[in-house]
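Residue-level structure breakdown
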Amino acid sequence: MVDVTEEEMDNCTFKSDTVLSDVHLHCPNKRHLMVRLNAVGQPVFLSYFKLLWNTDNSASEKHLREAKPEREHQYRSGDELCDKDRNNLKKEGELNSEGVEALLDDDGDLEVVRRPRSASDLEADDLLRNKVYPVILMKGKEDDFEDEEQEHTCSNVVKIEHTMATPLEDVGKQVWRAAFLLADYILFKRDTFRCCSVLELGGGTGITSIIMGTVAKRVYCTDVGEDLLAMCEQNVALNKHLMEPGGGEVKVKELDWLKDEFCTEPEAPYSWSEEEIADLHNHCTVVMAADVFYDDDLTDAFFRMLYRITHNLRNSCTVYLALEKRLNFTLRHMDITCEAYSHFRNTLNDLENLQDRKIKYTVEPIKLDFCQFLVYERIEQL
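Below you will find a few notes about this structure. (Residues numbered from 1 in each chain as written. Predicted model: local features only at pLDDT ≥ 70, side-chain atom pairs only at ≥ 80, totals over all residues. Heavy atoms only, no water.)

Quick word on the packing of aromatic side chains
So the rule is basically this: Ring pairs are drawn from Phe, Tyr and Trp, using the six-membered ring of Trp, whenever the two centres fall within 6.5 Å, and their geometry is named by plane angle: stacked under 30 degrees, edge-to-face over 60, tilted for the rest. Strands are runs of DSSP state E lasting at least two residues, helices are runs of H or I lasting at least four, and both sets are numbered from the N terminus onward. Note on classification: 1.4 Å probe, protein chains only; a residue is buried when its accessible area is under 20% of the maximum for its type, exposed when over 50%, partly exposed between these limits. Here, over-ring charges are defined by two tests on the NZ atom of lysine or the CZ atom of arginine: distance to the ring centre within 6 Å, and angle to the ring normal within 35 degrees.
Considering all chains together, one arrives at 17 aromatic pairs under this definition. Measuring from ring centre to ring centre gives 5.2 Å for Phe49 and Phe180, while their planes differ by 65°; the resulting arrangement is edge-to-face. One end of the pair, Phe49, is in strand β3 (residues 43-50); the other, Phe180, is in helix α5 (residues 177-188), with 131 residues separating them in the sequence. Look at Phe49 and you get buried, because its relative accessible area is 2%. Looking at Phe180, the relative accessible area reads 1%, which means it is buried. A centroid spacing of 6.0 Å and a plane angle of 25° characterise the contact between Phe293 and Phe303, whose relative ring orientation is stacked. Within this pair, whereas Phe293 is found in the loop between β10 (284-290) and α11 (296-311), its partner Phe303 is found in helix α11, the two being separated by ten residues in sequence. Of the two residues, Phe293 and Phe303, both sit in the buried class. Taken together, the ring pairs in this structure connect Trp257, Phe293, Phe302, Phe303, Tyr341 and Phe344 into an aromatic cluster. Taking the ring centre of Tyr341 as reference, the NZ or CZ of Lys325 above it sits at 5.0 Å.

What follows is the structure, given as structure tokens:
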């Protein structure tokens, strides 16, 4: 858990049983504002995630498309300059009978013509990040955050309440990179999702459903646990202004993958009404999930739930899955492996090979060459 005692706010300490998403420690935000403690005593922080695309300004999207080719041109220019330097050196060596002596300075030291930094070096510099430590909002310091809020316009920032480090069973309370990746794809292909009815499995903090709600007609954001769902509902409320222009709505609902039925008890928070279940079955055409494949048992439960839901849908649907391959060294294999990802792939193959008279599944990878609309580090393992 995060130690947020006032005397030690300069450092973050974590117990050995905690899981941490480095989205939060290395987020490009200036500060993280702790707003409250949740029902189980975990510090809840409010973060601003900036959108690089303004829904009111199509020129921003054009700028994003042009940025990558321009950058690649700079890299190529650097390589061409390097080749030109090599050719010049070659000519000097051929014309100068002194050979290597032509490369010596006045003191007799060898002058080395250094190659301009490669694209990977430049990208590495771009990805340098400063650690961000949590900041407690204390009495008399409320104004410190007002200026930061005023820097963000309503249309270019997603506000998300989240925790910073949790036990494994509460990782849904954090924000993970695969959620950003899926959000990027939604914004890039927004015409594909316009006016759709969507189901998200394992929605967590709700950031992907919120982005989907800017283009889709209705999104059912589902997860399990009253504390997590309350946080998700709060995030939906914080970003309602992003969805209002398109008329989209996000409904936060409980959906336990370990149970065969929807929760329909009227007194239970985040339960389903019969009308909502019928609406899901009759109109849902998109199912999505981000970074929910980290435990083999939960992966199996996910695919069982996915099969049950898609089997009952009136229309064919597309399922979008995003995840991060987390590499670990294991003593069993004495090698770096990614067992959770391997199990996911095997289960996905089983679903594709399933013999069912009513429904057929096909699997297709998506190239990750689409624009980036949220500020995060898009690593190779996504």
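From this point, things continue past the structure.
Regarding the pattern of salt bridges
Charged atoms that come close allow side chains of opposite charge to pair. Put simply, the rule reads: Here, a salt bridge means any Lys or Arg side-chain nitrogen found within 4 Å of an Asp or Glu carboxyl oxygen.
Evaluated as defined, the whole model comprises 14 salt bridges. Between Glu377 and Arg177 there is a salt bridge; the shortest N-O distance is 3.8 Å. Of the two residues, Glu377 sits in the segment after α12 (339-352) while Arg177 sits in helix α5, which places them 200 residues apart along the sequence. There is no split in this pair, since Glu377 and Arg177 are both buried. Where Asp279 meets Arg218, a salt bridge forms, and the shortest distance between an N and an O atom there is 3.3 Å. In this pair, Asp279 is assigned in helix α10 (residues 274-283) and Arg218 in strand β8 (residues 218-223), connecting sequence segments 61 residues apart. Classification of Asp279 by relative accessible area gives buried; the value is 14%. Connected through salt bridges with shared partners, the residues Arg177, Asp291, Glu324, Arg326 and Glu377 form a single ionic network.

Brief notes about unusual backbone geometry
With a phi close to 65°, Tyr270 is a non-glycine residue in the positive phi region. The topology assignment puts Tyr270 in the loop between β9 (249-254) and α10. Residue Tyr270 is classed as buried on the basis of its relative accessible area of 15%. We note that Asp291 has phi near 55°; this positive angle belongs to a residue other than glycine.

Focus: α10
Quick reminder of the rule: When checking whether two residues touch, look at their non-hydrogen atoms; a contact exists if any pair is within 4.5 Å.
Buried residues of α10: Glu276, Ile277, Asp279, Leu280 and His281, and no others. Structurally, α10 contributes buried residues whose contacts are with β7 (197-201), β8, β9 and β10.

Thoughts on the packing of α11 against α12
Heads up, the condition is: Every angle, taken between N-to-C directions, lies between 0 and 180 degrees, and every axis is a line fitted to C-alpha atoms, over only the stretch in contact when it is a helix. Here is the rule for angles: anything less than 35 degrees is roughly parallel, anything more than 145 is roughly antiparallel, 65 through 115 is roughly perpendicular, and the remaining ranges are oblique. By the definition used in this description, the sense in which the near helix is turned from the far one sets the handedness, with an anticlockwise turn below a right angle giving left-handed and a clockwise turn giving right-handed.
For the pair α11 and α12, interaxial distance at closest approach is 10 Å and the crossing angle is 25°. In this view, α11 runs roughly parallel relative to α12, as classed from their interaxial angle. Every pair of crossing elements has a handedness; the one defined by α11 and α12 is right-handed. Residues Asp296, Thr299, Asp300, Phe303 and Leu306 of α11 form the contact with α12, whose participating residues are Glu339, Ala340, His343, Phe344, Thr347, Leu348 and Leu351.

Some thoughts on the sheet that holds β10
The condition is simple: If DSSP finds at least two bridges between two strands, the strands pair.
Spatially, five strands are ordered β9-β8-β7-β10-β11 in an open sheet, and the strand pairing comes out parallel. What marks the edges here is a single partner per strand, and that holds for β9 and β11 (318-322). Neighbouring strand axes in the sheet, compared pairwise and without regard to direction, differ in orientation by 20° on average. Bridge count between β7 and β10: four bridges; the pairing is parallel. Each bridged residue has a counterpart across the sheet, and for Val198 the counterpart in β10 is Val286. Sheet strands in contact with α5 are β10 and β11, and its direction is about 145° off that of β10.

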